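Okay, here's what each chain looks like letter by letter:
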Amino acid sequence: MIPFVINELAIPANLAAEIPPGSSPSSPAADFIEMTRVRNEIEAEMVGSDDLAVEPGELLPGWLDHYSPKRLFVARVDGRIVARGIHEAQSGDSVRSAWLSVEVLSAYRRQGIGTALHRRVAEIARSEGRTVLQSFVLHVLGGGGERIDSPTGFGSVSAHDDSTRFLLSHGYRLAQVERMSRLILPLTFGLPSPAPGYDLLFWRGPTPAERRAQLAVLHAGMSTDVPLGELDYEPEEWDATRVKLLDERTVGDGRRMLTVAARHRASDTLVGFTQLSVPVDDARAVFQENTIVVGAHRGHGLGLAMKLENLTELRQAGGAFRHVYTWNAEENRHMLAVNEALGFEPVGYSGSWRREL
Ligand SMILES: CC(C)(COP(=O)(O)OP(=O)(O)OC[C@H]1O[C@@H](n2cnc3c(N)ncnc32)[C@H](O)[C@@H]1OP(=O)(O)O)[C@@H](O)C(=O)NCCC(=O)NCCS
């Protein structure tokens, strides 16, 4: 067995300010940067490309989000980070579940590192009174062989990859399968006419102040109106302040957020929105973020219209972006139908797993 040491990392408030040129490589910022490299390396191996790689500065805002507090552990071998473990929970007293993630560089697997990190993270969940542990994991693409079906009846994951073997050995069961899809740009068709009675609003970066409260309602819907399979998830609490804080955090992450919202003209209310997170470098992938249309306004083509509008804004903003990635529950037929109409194609599957503590 290889000797390893597990430490909790302090999350740096700011990366640039904390690493003066030539500084020693052991500061919260330097550790965070090294952790990001390990994360990217593990993900690239599973996806087969660097498309999902993120810069440390892009990752950091999520770690500073007090609405879903996170703790970060790393395992080191000879001083070098080779694995990470994450504990994350929604804030709120009634929350029963915690999310965790354990990732180990492939050269260091089957040495007990994953189990040791899992133990640390599960201890936190237990000490905070959580009764359910959940984990969202990418599964290796392709390959034949035995599969495990989602309990929703839609989708499956390989029964034999490292993730599945590890999770089964730790008492987890599959709760849902998500499809990872990729759209290759440019689009080959134009905009449909907007549905009568609705306008599409577009903004880049922070939400206009007068729309924050309405956007908060839509964000809350993302935690209640999307299919959750057998996952345990509390409705999120959103208000205008949370939207403002989210915008403030993400404005410094080096990516641009493009938002299209659908406005119901008669009530001047936002009834849906969709977002694209765009990197500076157009050789990198664009990520599709939230998309929702509230129940009473579904069936008017707003989902497709909003997404098309945002992809058009992306093209008009310049750059030769090639790839957009999105994740959707495999049973979410309405969203998948919109994405398929745009030209998204499945490139992989993620599993959401759970176990009782
Ligand atoms: C899953 C992962 C974290 C396991 O890390 P690890 O350090 O190899 O885990 P451990 O050495 O503690 O393995 C614990 C047990 O899991 C099972 N296991 C793990 N990988 C396995 C494999 N390839 N085949 C069969 N069983 C496996 C075994 O029961 C193993 O115990 P054993 O080695 O005594 O037989 C690692 O493969 C990884 O990072 N995968 C990508 C990310 C991921 O899927 N994370 C899981 C979600 S939290």
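Residues numbered from 1 in each chain as written. Predicted model: local features only at pLDDT ≥ 70, side-chain atom pairs only at ≥ 80, totals over all residues. Heavy atoms only, no water.

This paragraph deals with the overall build of the chain. Within the chain, the secondary structure is distributed over 9 helices and 14 strands. In terms of principal-axis extent, the alpha carbons of the chain reach across some 65 × 50 × 40 Å. Counting the 357 residues in the chain, one finds 50% classified as buried. Considering only contacts in the chain between residues 6 or more positions apart, those separated by 24 or more positions represent 71%. Carbon and sulfur atoms form 53% of the exposed surface of the chain, whose accessible area is close to 16300 Å². Between the averaged position of the 37 positive side-chain charges in the chain and that of its 46 negative side-chain charges there is a distance of 1 Å. (Helix = DSSP H or I, 4+ residues; strand = E, 2+ residues; numbered from the N terminus. Buried < 20%, exposed > 50% of the residue type's maximum accessible area, 1.4 Å probe, protein only. Contact = heavy atoms within 4.5 Å. Areas by Shrake-Rupley, 256 points an atom, 1.4 Å probe, with all protein chains shown as cover. Lys, Arg positive; Asp, Glu negative; His and termini not counted. Charge placed at Lys NZ, Arg CZ, Asp CG, Glu CD.)

One open sheet accounts for 12 strands, arranged β1-β2-β3-β4-β5-β14-β8-β13-β12-β11-β10-β9; its pairing is mixed. Strand pairing shows two members of the sheet lacking a second neighbour, β1 (5–9) and β9 (198–204), which therefore form its edges. Geometrically, the sheet is characterised by an average inter-axis angle of 25 degrees between neighbouring strands, direction not taken into account. As paired elements, strand β10 (residues 256–264) and strand β11 (residues 269–278) share 9 bridges and run antiparallel to each other. (Pairing = 2+ DSSP bridges. Axes fitted to C-alpha atoms, helices over the stretch in contact; angles between N-to-C directions.)

What follows is about the nonpolar core. F32, M35, W63, V82, I113 and L117 are the most contacted members of the largest nonpolar core, which has 50 residues in total. With sequence-adjacent residues up to four places away left out, W63 is seen in contact with I11, F32, M35, K70, R71, L72 and I86. (Core = buried A, V, L, I, M, F, W, Y, C linked by side-chain atoms within 4.5 Å.)

What follows covers the site of the ligand. With respect to spatial proximity, 19 residues lie near the ligand, and among them V102, V104, R110, T115 and D162 are the closest. At 2.8 Å, a backbone N or O of G112 approaches an oxygen atom of the ligand. In the complex, the protein chains occlude 81% of the 910 Å² of accessible area that the ligand would expose alone. At the level of elements, β4 (97–104), α4 (113–127), β5 (132–138) and α5 (162–169) are the ones that each hand at least two residues to the shell around the ligand. Considering every element that reaches the shell around the ligand, the biggest residue donor is α5, with 5 residues. Grouping the amino acids of the shell around the ligand by side-chain chemistry returns 6 nonpolar, 8 polar and 5 charged. (Near = heavy atom within 4 Å. Polar contact = N/O pair within 3.5 Å; in protein donor to acceptor, adjacent residues only side chain to side chain. Nonpolar A, V, L, I, M, F, W, Y, C, P; charged D, E, K, R; others polar.)

Buried residues dominate strand β12 (residues 286–293), accounting for 6 of its 8 residues. Bridge analysis of β11 against β12 gives 5 bridges, and the strand direction is antiparallel. Looking at β12, one finds that T274 is bridged to T291. Examined bridge by bridge, β12 and strand β13 (residues 323–329) share 2 bridges and lie parallel to one another. The residue of β13 that forms the bridge with V286 is V324. This β-α-β element, β12 to helix α8 (residues 302–316) to β13, shows right-handed connectivity. (Right-handed = clockwise from strand over helix to strand, strands pointing away.)

This part covers the pattern of salt bridges. A side chain of one charge can pair with a side chain of the opposite charge when the charged atoms of the two come close. A full pass over the atoms with the stated rule returns 27 salt bridges. The closest approach of N and O atoms between R71 and E8, which form a salt bridge, is 2.8 Å. With a gap of 63 residues between them, R71 in strand β2 (residues 70–77) and E8 in strand β1 connect regions that are remote in the sequence. What makes R71 partly exposed here is its relative accessible area of 32%. We classify E8 as partly exposed; its relative accessible area is 37%. (Salt bridge = Lys/Arg side-chain N within 4 Å of Asp/Glu carboxyl O.)

So, about the environment of I2. In this fold, I2 is placed in the segment before β1. Spatially, the C-alpha atom of I2 lies 8.9 Å from that of G112, the residues being 110 residues apart in sequence. Once you skip the residues sitting within four places of it in the chain, I2 turns out to touch V77, Y108, Q111 and I113.

Here the chain is described as being made up of domain 1 (5–179) and domain 2 (186–321). Distance from the C-alpha centre of domain 1 to the C-alpha centre of domain 2: 27 Å. The partner domain 2 presents 19 residues to the 24 residues of domain 1 that form the contact. A combined buried area of about 1900 Å² lies between domain 1 and domain 2, and 49% of that area is made up of carbon and sulfur atoms. Looking at the side of domain 1 facing domain 2, the largest losses of area belong to E58, Y67 and Q90, adding up to 31% of the total buried there. Inspection of the domain 1/domain 2 interface yields 5 salt bridges. In this structure, R249 and D65 form a salt bridge, with 3.5 Å as the shortest nitrogen-oxygen distance. Here domain 1 is connected to domain 2 by 13 residue pairs in polar contact (both at pLDDT 80 or more). Put simply, the parts of the chain that give the side of domain 1 that touches domain 2 at least two residues each are α3 (56–63), β4, β5 and β8 (173–184). Taken together, the residues of the side of domain 1 that touches domain 2 break down into 11 nonpolar, 7 polar and 6 charged. (Domains from an automatic or database assignment. Buried area = accessible area lost by both parts, 1.4 Å probe.)

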